[in-house]
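# Structure at a glance
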Amino acid sequence: MNLSRFACAMALTLGAFTQVHAAPLVLGDQVNVDNRAGSVFTPSTTGDSNGLYQEVSFKLNGNKNAQGANAGLFVLDYKHATTSWTQFLSFCLEPDVVLASFDNPYTVNSIAGAGYTVGALISELWGRYFGQINSDTKAAAFQVALWELAFGTTDKNLNSGDFKLTSGGDVKSTAQGWLNSLNGTGPMAQGLVVLVDNPNSTERQDLITQGPVNNVPEPTVLALMALGLVGMGVSQRRRARAQSAA
């Protein structure tokens, strides 16, 4: 298992989040994505010197060998052709693709438009638990739960199926508890969009975020800003598909 790769990891800088969704994301838009804050993990105001993420390991598509990544919430920047850069909170949907040079432009899609059939489950997960992300464990658990739903065919079980989490602890128990609660009766997040870089590429890494309404910051963003969880940077990415099981 190689834990040197970073899938959707995040870091924090202080006081840099001065503008939230100045240019709204609209379905069909094409935007450039970048990491304007830099790629080095920096201290947070909560005493976590590395930011909100945690190492996890997993197996994909029944492969016998586990692979690892740092899973967590991060902030990137997007820009329309005629607008300034805007920071946005995001998770990724591919567990085995790590951030590298961005394959711009990205196209703004709905969850279904990006090819995912689990939009209702993702919307309920986001609606129930996104506002609770305030620690390494919860950031990693949310990312793990998203991978379970989005990768292959989900059974909402981290011990079986196309995505199997092989690491344990609080991240696994938290994520599994959240997945177990998804029954269609919870609050459904509105405005979720997926940024798709190259739909035909094996290097494709989809980024999911929640769009704004009339440039008003989402309540969760304001809560994160109050905690000082702002201006996050992301590590480089590279495709590292697991080999088929023997």
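All of the points below concern the structure found in this document. Remember, it's a predicted structure, so these values are computed and weren't measured experimentally. (Residues numbered from 1 in each chain as written. Predicted model: local features only at pLDDT ≥ 70, side-chain atom pairs only at ≥ 80, totals over all residues. Heavy atoms only, no water.)

Within the structure shown, the criterion is met by three salt bridges. Put simply, Glu-124 and Arg-128 hold a salt bridge, and the shortest N to O gap is 2.9 Å. With Glu-124 and Arg-128 both in helix α1 (residues 119-129) and four residues apart, this pair spans about one turn of that helix. Using a relative accessible area of 1% as the deciding quantity, one classes Glu-124 as buried. (Salt bridge = Lys/Arg side-chain N within 4 Å of Asp/Glu carboxyl O. Helix = DSSP H or I, 4+ residues; strand = E, 2+ residues; numbered from the N terminus. Buried < 20%, exposed > 50% of the residue type's maximum accessible area, 1.4 Å probe, protein only.)

Taken in spatial order, the three strands make up an open sheet running β3-β2-β7, and their pairing is antiparallel. Each edge of the open sheet carries a strand with a single partner, namely β3 (67-71) and β7 (163-165). For this sheet, the mean angle separating the axes of adjacent strands, direction not counted, is 40°. Of the strands in this sheet, β2 (54-60), β3 and β7 are in contact with helix α2 (residues 136-150), which crosses β2 at around 15°. (Pairing = 2+ DSSP bridges. Axes fitted to C-alpha atoms, helices over the stretch in contact; angles between N-to-C directions. Contact = heavy atoms within 4.5 Å.)

What follows concerns the sheet that holds strand β9 (residues 207-210). Read around the closed barrel, the six strands follow the order β1-β4-β5-β9-β8-β6; overall the barrel is antiparallel. Along the sheet, successive strands turn relative to each other by an average axial angle of 45°, direction set aside. Inspection of the sheet shows strand β1 (residues 30-34) paired to strand β6 (residues 106-109) by two bridges, in the antiparallel sense. Considered in β6, the bridge of Val-31 is made with Tyr-106. Here α1 sits on the sheet and contacts β5 (86-92), β8 (192-196) and β9; the angle it forms with β9, its principal contact strand, is near 55°. Along the sheet face, α2 touches β5 and β9 and points at about 60° away from the line of β5.

Moving on: unusual backbone geometry. Phi is mostly negative for residues that are not glycine, and the peptide bonds are mostly trans. Cis rather than trans, the peptide bond between Asn-104 and Pro-105 has omega equal to 0°. By the element assignment, Pro-105 lies in the loop between β5 and β6. Positive phi, normally seen in glycine, also occurs at Asn-61, with a value near 55°. Positioned with a positive phi, Lys-156 is a non-glycine residue whose angle comes to about 60°. Relative to the assigned elements, Lys-156 resides in the loop between α2 and β7.

One pass over the full model with this rule turns up twelve aromatic pairs. Each member of the aromatic cluster is reached from another via a ring pair, and the members are Phe-91, Trp-126, Tyr-129, Phe-130, Phe-142 and Trp-178. (Phe/Tyr/Trp six-rings, centres within 6.5 Å; stacked < 30°, edge-to-face > 60°.)

A few words now on the pairing of strand β4 (residues 74-79). On a regular strand, one side chain projects to one face of the sheet and the next to the other, so that they alternate. Taking burial as the measure, the six residues of β4 include five buried ones, the bulk of the element. Direction of pairing for β1 relative to β4: antiparallel, over a ladder of three bridges. What sits directly across from Val-33, in β4, is Tyr-78. Where β4 and β5 come together, five bridges link them in antiparallel fashion. What sits directly across from Asp-77, in β5, is Gln-87.

Every buried residue of α1 is listed here: Ile-122, Ser-123, Glu-124, Leu-125, Trp-126 and Tyr-129. On its buried side, α1 packs onto β5, α2, α3 (169-181), β8 and β9.

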